[in-house]
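Working through the structure, step by step
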Amino acid sequence: MASMKPMKDHIHAKGTDIAVVSSGDENDYISLTDIARYKSDAPDDVIKNWMRNRDTIEFLGLWEQLNNPEFKPVEFDGFRSQAGSNAFTLSPKKWVDATGAIGIFSKAGRYGGTFAHKDIAFEFASWISAEFKLYIIKDYQRLKSDENSRLALGWNLNRTLAKINYRIHTDAIKDMLLPPDITPQRQSFTYANEADVLNVALFGITAKEWRQAHPDSKGNIRDEANLQQLIVLANLESINAELIRQGVPQSERLLRLNASAQQMMKSLLGDHRIEMLEGRTDAEQGQTN
């Protein structure tokens, strides 16, 4: 789900601030609690009432079946058979605990609440008010446009940084790996070979292998890199240049670079799913069924 460590932002609909948890991709989570406040000062009750409906259970179950291979259909069928009856009640926590759902999560605390994937949040907003849903969608589109502009700027800056560091990398190759009388063809091979050390360390494949797998692409493996990969690439170029100057063999450098790449990507990306699960654990301490 997540392509980077989740960021908290807000959209504004008819005077209501609605929190959005964004991972930089299409899988944003929007606060159902904030949406529900448009209708009532008791948002948890509004969410539970919505989840009592059979249509809601059908929608949630279908979304999970399409997006969550770990979803538990037997438990879902149990909720579906009870939905709509006077005695039936359902909270987000109970739904998640029973079915393993990922489309909704709850987090306790001052800035907590119940969040749902945007597909589900828009469905909930329709149940609240069709007019209100349109205001939400309009400002959400504005938010994503602003976010995409920021990401594009960051990508261009880091692509430039990677190109600058490439000069540091090639200078180290020239000084340490190329004998004075080497042919131009051999020089090109050596530069490409060392560039592929970085490619394999970061992407797991060489430039040639990537081109074979993407014959219709107009760019190369690095042109298709995301923002986090470009940041790591720029760092790997500097690290490899230093290792080359230290005389470290290529096979050992590849192992070190791969370990560094994994650690840096882990730091940059985080794990959105883990954070959501931690949020559920927090919620368990502050909520009841």
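Residues numbered from 1 in each chain as written. Predicted model: local features only at pLDDT ≥ 70, side-chain atom pairs only at ≥ 80, totals over all residues. Heavy atoms only, no water.

Attention now goes to the nonpolar core. By size, the foremost hydrophobic cluster in this structure holds 42 residues, and its most contacted members are Ile 35, Trp 95, Phe 124 and Ile 136. Of the residues forming this core, the biggest block, 6 residues, is contributed by helix 6 (residues 118-128). Once residues within four sequence positions are removed from consideration, Trp 95 is found in contact with Met 51, Leu 60, Gly 61, Glu 64, Phe 71, Phe 76, Phe 79, Leu 90, Gly 100 and Ala 101. Listed in part, the 12 residues of the second largest apolar core include Leu 230, Val 232, Ala 261 and Met 265. (Core = buried A, V, L, I, M, F, W, Y, C linked by side-chain atoms within 4.5 Å. Buried < 20%, exposed > 50% of the residue type's maximum accessible area, 1.4 Å probe, protein only. Helix = DSSP H or I, 4+ residues; strand = E, 2+ residues; numbered from the N terminus. Contact = heavy atoms within 4.5 Å.)

Turning next to the environment of Ile 173. Within the fold, Ile 173 resides in helix 7 (residues 130-176). Spatially, the C-alpha atom of Ile 173 lies 7.1 Å from that of Tyr 191, the residues being 18 residues apart in sequence. Not counting the four nearest positions on each side in its chain, Ile 173 is found in contact with Leu 178, Thr 190, Tyr 191, Glu 194 and Ile 244.

The next point concerns the packing of aromatic side chains. Here the structure, examined in full by the defined rule, presents 11 aromatic pairs. Seen in terms of ring centroids, Phe 71 and Phe 76 are 5.8 Å apart; in terms of plane orientation they differ by 50°. Their pairing is tilted. An identical accessibility class is assigned to Phe 71 and Phe 76; each is buried. Summarising the aromatic geometry, the rings of Phe 124 and Trp 127 are spaced 6.1 Å apart at their centres and angled 25° between planes, so their arrangement reads as stacked. Of this pair, Phe 124 and Trp 127 both sit in helix 6, 3 residues apart, which is roughly one turn of the helix. Residue class for Trp 127 comes out partly exposed when judged on its relative accessible area of 32%. Put simply, the rings of Phe 71, Phe 76, Phe 79, Phe 88 and Trp 95 touch in pairs and so form one group of aromatic residues. One cation-aromatic arrangement involves Lys 39 over Trp 127; the distance from NZ or CZ to the ring centre is 4.4 Å. (Phe/Tyr/Trp six-rings, centres within 6.5 Å; stacked < 30°, edge-to-face > 60°. Lys NZ or Arg CZ within 6 Å of the ring centre and 35° of its normal.)

When pLDDT is averaged along the chain, the result is 81, and 81% of the positions lie at 70 or above. Confidence drops under pLDDT 50 across residues 1-5; counting only partners more than four residues distant or on other chains, this segment forms 26 contacts. Low confidence marks residues 271-289, where pLDDT is under 50. Its contacts with residues over four positions away, or in another chain, come to 36 contacts. (pLDDT = per-residue confidence, 0-100.)

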